[in-house]
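# An overview of the molecular structure
So you can see what is in the structure, the chains are spelled out below.
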Amino acid sequence: DQQVKQNSPSLSVQEGRISILNCDYTNSMFDYFLWYKKYPAEGPTFLISISSIKDKNEDGRFTVFLNKSAKHLSLHIVPSQPGDSAVYFCAASVSSGGNNRKLIWGLGTSLAVNP
Amino acid sequence: SAVISQKPSRDICQRGTSLTIQCQVDSQVTMMFWYRQQPGQSLTLIATANQGSEATYESGFVIDKFPISRPNLTFSTLTVSNMSPEDSSIYLCSVFGTGTGEAFFGQGTRLTVV
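The sections below set out a description of the structure shown in this document.

With respect to the helices, strands and loops of the structure, Ser28 of chain A is situated in the loop between β3 (19-25) and β4 (32-38). Given a relative accessible area of 54%, Ser28 of chain A falls into the exposed group.

Below you can see the structure in the form of structure tokens.
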């Protein structure tokens, strides 16, 4: 049962345009949502997060939107740059008892930004 | 943030052998997480390593196959035992930051079993 879904395995955009990466989830107990970027041969790097009580969080070129009623979030990158080419993972954070937490991951979307 | 050093970064191993992966964090953390990322798949949590207690394994992972040590608050090891080609994967160590639930990762260990 995939609780976090990234339905687009790949996305290609032109440099300077907007990249929109989508993520859907099923578990209403998730309280934080996070986006990670991963280059080959490296571990994932944290990009941006959003609390379930908010609907938008912005950090420079990166904005995450959360629609709780639709259980959907999206990452907007504008303007897109060739260095943004990587795999982007959506993850959801949930308490697993006491102070323990765990992350549930989507399958990732491979973004290619073309010069 | 946390800086995580993981080694080895890659290895090629014979089937039937075991490999121990080390993870060192630059700060004390209660929980350390071990993930696996098989080719074309997402990150799958193997187990959570708490200092001073047995690791907690996720469904489908057992201690005999993936023994974990957690001798102190900055270090952990994961052993992949009696390896088969199906164990070929990237193995990642992770900790949570003190902020809004973000996790930090080591650079990963790319394991190939032949």
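At the interface, 20 residues of chain B touch 19 residues of chain A. Scanning the region where chain B abuts chain A turns up one salt bridge. The partner of Glu58 of chain B in a salt bridge is Lys102 of chain A, with the nearest N and O atoms 2.9 Å apart. Our count for the contact surface shared by chain B and chain A stands at five residue pairs in polar contact (both at pLDDT 80 or more). Contributing elements (two or more residues each) for the side of chain B that touches chain A: β4 (31-37), β5 (43-50), β9 (89-96) and β10 (103-105) of chain B. It is β4 of chain B that provides the largest number of residues to the side of chain B that touches chain A, a total of four residues.

Our next topic: the state of the cysteines. In the structure shown here, the tally under the stated rule is two disulfides over all chains. Between Cys23 of chain A and Cys90 of chain A runs a disulfide, and the two sulfur atoms are separated by 2.0 Å. The chirality of the disulfide connecting Cys23 of chain A with Cys90 of chain A is left-handed, given an S-S dihedral of about -75 degrees. Separated by 67 residues along the polypeptide, Cys23 of chain A in strand β3 and Cys90 of chain A in strand β9 (residues 86-97) bring together distant segments of the chain. With respect to class, Cys23 of chain A is no different from Cys90 of chain A; both count as buried. Across a sulfur-sulfur distance of 1.8 Å, Cys23 of chain B and Cys93 of chain B are joined as a disulfide pair.

Residues and elements named next belong to chain A. With respect to topology, five strands assemble into an open sheet ordered β1-β3-β8-β7-β6, the strand pairing being antiparallel. Pairing within the sheet leaves two strands with one partner each, and these edge strands are β1 (4-5) and β6 (56-59). Here β6 runs beside strand β7 (residues 62-67); their pairing, made up of four bridges, is antiparallel. By the bridge assignment, Asn57 is partnered in β7 with Val64.

As for its placement among the helices and strands, Ser42 of chain B is situated in the loop between β4 and β5. Note on Ser42 of chain B: relative accessible area 6%, which makes it buried. Those residues in contact with Ser42 of chain B that lie beyond four places of it in its chain are Phe89, Trp105, Gly106 and Leu107 of chain A together with Arg36 and Gln37 of chain B.

Following Val78 of chain A, the chain continues to Pro79 of chain A via a peptide bond in cis, the omega torsion being -10 degrees. With respect to the helices, strands and loops of the structure, Pro79 of chain A is situated in the loop between β8 (72-77) and β9. Residue Pro8 of chain B is reached from Lys7 of chain B by a cis peptide bond, and omega for that bond is 5 degrees. Backbone geometry at Lys71 of chain A places phi at a positive 50 degrees, although glycine is not the residue there. Looking at the element boundaries, Lys71 of chain A is found in the loop between β7 and β8. The phi angle at Asn82 of chain B is positive, at roughly 45 degrees, despite the residue not being glycine. Relative to the elements of secondary structure, Asn82 of chain B occurs in the loop between β8 (75-80) and β9.

Take the sheet that holds strand β3 (residues 19-25) of chain B next. All names here are of chain B. Strand order across the open sheet formed by four strands is β1-β3-β8-β7, with antiparallel pairing between neighbours. The strands lining the two open edges of the sheet, one partner per strand, are β1 (4-7) and β7 (68-72). Strand-to-strand twist across the sheet, computed as the mean angle between neighbouring axes with direction ignored, equals 15 degrees. Bridge count for β7 against β8 is three bridges, and the pairing is antiparallel. Considered in β8, the bridge of Ile68 is made with Leu78.

Thresholds, definitions, all that
- Numbering of residues starts from 1 in every chain and runs along the sequence as written.
- Chain letters start at A and ligand numbers start at 1, both assigned in the order the entries are written.
- Where totals are concerned, whole chains, interfaces and linings use all residues; where local detail is concerned, this predicted model gives features only for residues with pLDDT of at least 70, and gives and counts side-chain atom pairs only at 80 or more.
- Side-chain numbers here rest on the full set of heavy atoms in the structure, without hydrogens or water.
- Helix and strand definitions follow DSSP, with helices as H or I runs of at least four residues and strands as E runs of at least two, each counted in order from the N terminus.
- Relative accessible area decides the class of each residue, using a 1.4 Å probe on protein chains only: under 20% of the type maximum gives buried, over 50% gives exposed, and in between gives partly exposed.
- Residue contacts are counted whenever heavy atoms from the two residues lie within 4.5 Å of one another.
- In the sections that follow, a salt bridge refers to a side-chain nitrogen of Lys or Arg positioned within 4 Å of a carboxyl oxygen of Asp or Glu.
- By the criterion applied in these results, polar contacts are pairs of N or O atoms within 3.5 Å in which, for protein atoms, one can donate a hydrogen and the other can accept it, and in which residues neighboring in sequence qualify only through two side-chain atoms.
- Here, two cysteine sulfur atoms that lie within 2.5 Å of each other are counted as a disulfide.
- In this scheme, strands are said to pair when DSSP sees at least two bridges between them.
- Angles shown run from 0 to 180 degrees and are taken between the N-to-C directions of axes, each axis being a line fitted to C-alpha atoms and, for helices, limited to the stretch in contact.

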